[in-house]
Amino acid sequence: GPPRGHEGGGGGDSIAHRAVGLGSYRSLRYALVRRSRYGRSIKLESQRDDILSELEEQSEGIAGYGVISSKPTTPLLDTVTFPSNLKSLSMDQLRQVAKELRADLIYNVSQTGGHLGSSLGVIELTVALNYVFDQPTDKIIWDVGHQAYPHKILTGRRSQMNTMRQTGGLSPFTKRSESAYDCFGAGHSSTSISAGLGMAVARDMQSRSNNVIAIIGDGAITGGMAYEAMNNAGYLDTNMIIILNDNKQVSLPTQYNSLNQDPVGALSSTFARLQSSRPLRELRESAKAITKQMPAPVQEVTAKVDEYARGMISGSGSTLFEELGLYYIGTVDGHNLEDLVAILQEVKETKSVGPVLIHIVTEKGRGYSYAEDAQDKYHGVSKFDLASGKQSKSSDIVPTYTKVFADALIGEAMADEKVVAVHAAMGGGTGLNHFEKYFADRTFDVGIAEQHAVTFAAGLACEGLKPMCTIYSTFLQRGWDQVVHDVALQKLPVRFAMDRAGLVGADGPTHAGAYDVTFMACLPDMVVMAPMNEAELCHMVATSLAIDDRPSCFRYPRGSGVGINMEDESVKVLNPGYKGMVLDIGKGRVLREGTDVVLLGYGTPTNNCLLAAKMLQDYGVSVTVADARFCKPLDVELIRRLAKSHPVFITVEEGAIGGFASHVLHFLATDGLLDSGLKVRPMILPDRPIDHGSYSFQLNEAGLSVAHIASTALSLVGKQNESLEVLARA
């Protein structure tokens, strides 16, 4: 019988009318495909032939410039200060701007270092966005923020690019306080769609009409938050534009980062233009409105017809996005400026409701031959020679903490086949690419997915393996619920190696490891450690792997170690790797005995405590320096003894409030050690972000330099003038 609600001739007529509408809709699709295919294909192929010819002629150096050793000439870019300057340019002029922008970016980063490869991949996209949309009224969110160097150049900050990552200079990421054109800060990843959706909903609630565009790329789409946001965006059906910048890379290259995307050719470009067609989308919206008035079974049938009709011209991968409720357009050649402008213009002018996803394919490192040929696509670089692409190497022969950690893990893995390593798209940054050279089958890169990394490691631990979950301190914040629920509450022996602890210099507050001691040491059963030097780091790697009845973690900083002799510190030097010794859990050590002041250091600040003690000796102050080693469990016996034998007690750490000092003060209070006049001062990071700059600048800003430690001690022993003198000389 007839469907419910459609008895009689009226319902039948409506269904027939809908069928005719769908047929016309499909016919229009085919007509547009034919017209686009045959009217545009020769031109598109010709353009690509020109590009290929130019690339063949230009085998080395910068595209369009070749091998140069000085600042490139950029006459057209010199006329562009803000996006409004692009509006009157022709397509040929826009291409010239893109060429000059790429060369200018390469030159600037060669002088300062920074993120290069991902920014090179979005040159054409950045020009197209700034040509089509009207910032800052229209909101453009870059995710991750290290793709935004070209965006900064075109939005009034070109003259400051030589200050990138330097004290008082430009941030390496988007930053709201830096420019009205940076509508959302993005130092981490996978946040743009959520933020953009919030902005779009706020726009609609306030009856505004601006556009909201979220660019998510360089692996940020692998973060689960992006899918949560797309799911919600599809449900809310709010107008916004999502651009998926697919450069087949996660943040750093891994063996898991290939999406096996077919090359973008003229045909898919033409189809992408068709899918962005305003008349077609508006017709689709009209059809949807009519269908919504019909019974559910009819809606389901017509939706399927529409789905299959779109499927005939959609690029691979569209089904997932369509299922989430997004209108999918793609794939699009992200280096074809004309196509990008045309598609963005069509989407902008279309009067339809709902989120649109434009899937573009780009090449990380595009237009600089040395970046294109490099495994990491020049993701993050030090200063480099413009003509050869060779990066400046550090003159410091002392290995970094990251390198020492990797070697210590290699040494442990050589002796124990159950040791495995997990990281979240940071094989280079964490040193685990080095580990992977020896243990490829025991190295797991989960993508930019810290939550998954933690629970994945928990699963490994459940089955008897020994996972070392290696994540920057700042990124572990993203997986803290999993640390609590999936690891700590179940008392699983997952080991957390937290790199980039404390201040991180040029990368600034978004990457500073300020909070890990606070959020890890509050968890039940968690063993929390911090080494004062690279030998101690080896010992803590060994100790964490020996702990098999509860979780453990240790933090270590960016940069080089102190340069000690490893064997003198009981570290076995292997080939390959290091082998540390297992420490007594919850036991610190005294490094220097004195009588007037205790300096109790946690982690690498202990080294500054030793330097401050030498400075204080010149002022007649006798100092005891102790290395806590453990925040949890605390060495209460050591702390009690030191508190009872000294009138002044100072703790020093590179972490936020609630960390090591809080645990020490809690013990001192509950043990009654504060009842007899003991003077205690915690030295911690201030309750504000420390801007990017040199490490020494940041340490001074935080009040944690050697001079600040010595000055604090002098003031507590009654030497106020000397205290001020020390700070004045610093």
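Residues numbered from 1 in each chain as written. Predicted model: local features only at pLDDT ≥ 70, side-chain atom pairs only at ≥ 80, totals over all residues. Heavy atoms only, no water.

Undergrad: What is the right way to look at the sheet that holds strand β5 (residues 327-333) in this model?
TA: The sheet built from five strands is open, its strands ordered β2-β3-β4-β6-β5 with parallel pairing. The open sheet has two edge strands, β2 (139-143) and β5, and neither has a second partner. For this sheet, the mean angle separating the axes of adjacent strands, direction not counted, is 15°. Where β5 meets strand β6 (residues 355-361), six bridges bridge the pair, whose relative direction is parallel. For Tyr 327, the partnering residue across the bridge sits in β6 and is Val 356. (Pairing = 2+ DSSP bridges. Helix = DSSP H or I, 4+ residues; strand = E, 2+ residues; numbered from the N terminus. Axes fitted to C-alpha atoms, helices over the stretch in contact; angles between N-to-C directions.)

Undergrad: Sorry, what's going on with unusual backbone geometry here?
TA: Peptide bonds are, in most cases, trans, and in most cases residues other than glycine have a negative phi. The omega torsion across Gln 135 and Pro 136 is 0°, close enough to zero to call that bond cis. For Pro 136, the position within the fold is in the loop between α4 (123-132) and β2. Residue Asn 575 is joined to Pro 576 through a cis peptide bond whose omega torsion reads 10°. Along the polypeptide, Pro 576 turns up in the loop between β14 (572-573) and β15 (578-579).

Undergrad: I would appreciate a short explanation of the pairing of strand β18 (residues 623-627) in the present structure.
TA: On a regular strand, one side chain projects to one face of the sheet and the next to the other, so that they alternate. Most of β18 sits inside the fold, with five of its five residues counted as buried. Burial of β18 is two-sided: the residues Val 623, Val 625 and Asp 627 facing one way and the residues Thr 624 and Ala 626 facing the other way are all buried. Alignment of strand β16 (residues 589-592) against β18, held across three bridges, turns out to be antiparallel. In the sheet register, Val 590 faces β18, and the bridge partner there is Ala 626. The pairing of strand β17 (residues 597-601) with β18 spans five bridges and is parallel. From the neighbouring strand, Val 597 faces β18, where its bridge partner is Val 623. Crossover β17 to β18 through helix α22 (residues 605-617) is right-handed. (Buried < 20%, exposed > 50% of the residue type's maximum accessible area, 1.4 Å probe, protein only. Right-handed = clockwise from strand over helix to strand, strands pointing away.)

Undergrad: Which parts of the structure should I look at to understand the pattern of salt bridges?
TA: If charged atoms from side chains of opposite charge come close, those side chains can pair. Under the counting rule described, the total for this entry stands at 30 salt bridges. The residue Asp 204 makes a salt bridge to Arg 203 at a minimum N-O spacing of 2.9 Å. Residue Asp 204 is classed as partly exposed on the basis of its relative accessible area, which comes to 40%. For Arg 688, the salt bridge identified is with Glu 701, shortest N-O distance 3.9 Å. Note that Arg 688 is positioned in the loop between β21 (679-683) and α25 (695-702) and Glu 701 in helix α25, a separation of 13 residues in sequence. Of the residues examined, Arg 688 reaches a relative accessible area of 41% and is grouped as partly exposed. By relative accessible area, which is 39% here, Glu 701 ends up partly exposed. (Salt bridge = Lys/Arg side-chain N within 4 Å of Asp/Glu carboxyl O.)

Undergrad: In this structure, what is going on with the packing of helix α14 (residues 401-415) against helix α21 (residues 534-546)? I would like to understand it.
TA: Two quantities define a packed helix pair, namely the angle between the axes and the distance from one axis to the other. Orientation of α14 relative to α21, taken along the N-to-C sense of each, is 40°, at an axis distance of 9 Å. The angle between α14 and α21 places the two elements in the oblique class. Between α14 and α21 lies a crossing of right-handed hand. Judged by residue contacts, Tyr 401, Val 404, Phe 405, Ala 408, Leu 409 and Glu 412 of α14 engage Glu 534, Leu 537, Cys 538, Val 541, Ala 542 and Leu 545 from α21. Of the residues that constitute the contact of α14 with α21, the class distribution is 10 nonpolar, no polar and two charged. (Parallel < 35°, antiparallel > 145°, perpendicular 65-115°, else oblique. Left-handed = near helix turned anticlockwise from the far one by under 90°. Contact = heavy atoms within 4.5 Å. Nonpolar A, V, L, I, M, F, W, Y, C, P; charged D, E, K, R; others polar.)

Undergrad: Looking at this model, I keep getting lost on α25. Mind explaining?
TA: Since there are 3.6 residues in each turn of an α-helix, residues three or four apart along the chain are aligned in direction. All buried positions along α25 are accounted for by Gln 698, Leu 699 and Ala 702. In an axial view of α25, the angular spread of the buried residues amounts to 100°, which keeps them on one side of the axis. The secondary structure elements touched by the buried residues of α25 are α22. At the exit of α25 stands Gly 703, carrying a positive phi of roughly 75°. (Arc of directions from axis to C-beta.)

Undergrad: Got a minute to help me understand the sheet that holds β17 in this structure?
TA: Two strands in a sheet stick together by hydrogen bonds in their backbones, pointing the same way (parallel) or opposite ways (antiparallel). Sheet architecture is open: five strands sit in the order β16-β18-β17-β20-β21, paired in mixed fashion. Each edge of the open sheet carries a strand with a single partner, namely β16 and β21. The sheet shows a mean angle of 20° between the axes of neighbouring strands, direction not considered. Relative to β21, strand β20 (residues 648-652) runs parallel, the two sharing five bridges. In the sheet register, Phe 649 faces β21, and the bridge partner there is Val 680.

Undergrad: It is not clear to me how empty space enclosed by the protein should be interpreted in this structure. Could you clarify?
TA: Here the idea is plain: a probe the size of a water molecule rolls over the atoms and shows the empty space left. One pass over the full model with this rule turns up four cavities of 30 Å³ or more. Of the pockets and cavities examined, the largest cavity occupies roughly 70 Å³. Together, Ala 501, Gly 502, Ala 530, Pro 531, Arg 555, Tyr 556, Pro 557, Tyr 602, Gly 603, Thr 604, Pro 605 and Glu 654 line the largest cavity. Considered class by class, the residues forming the lining of the largest cavity number seven nonpolar, three polar and two charged. (1 Å grid on protein atoms, 1.4 Å probe; cavity = no way out; pocket = protein on both sides within 12 Å on 5 of 7 lines; lining within 4 Å. Points joined across faces, edges and corners; volume = space filled by probe spheres on them.)

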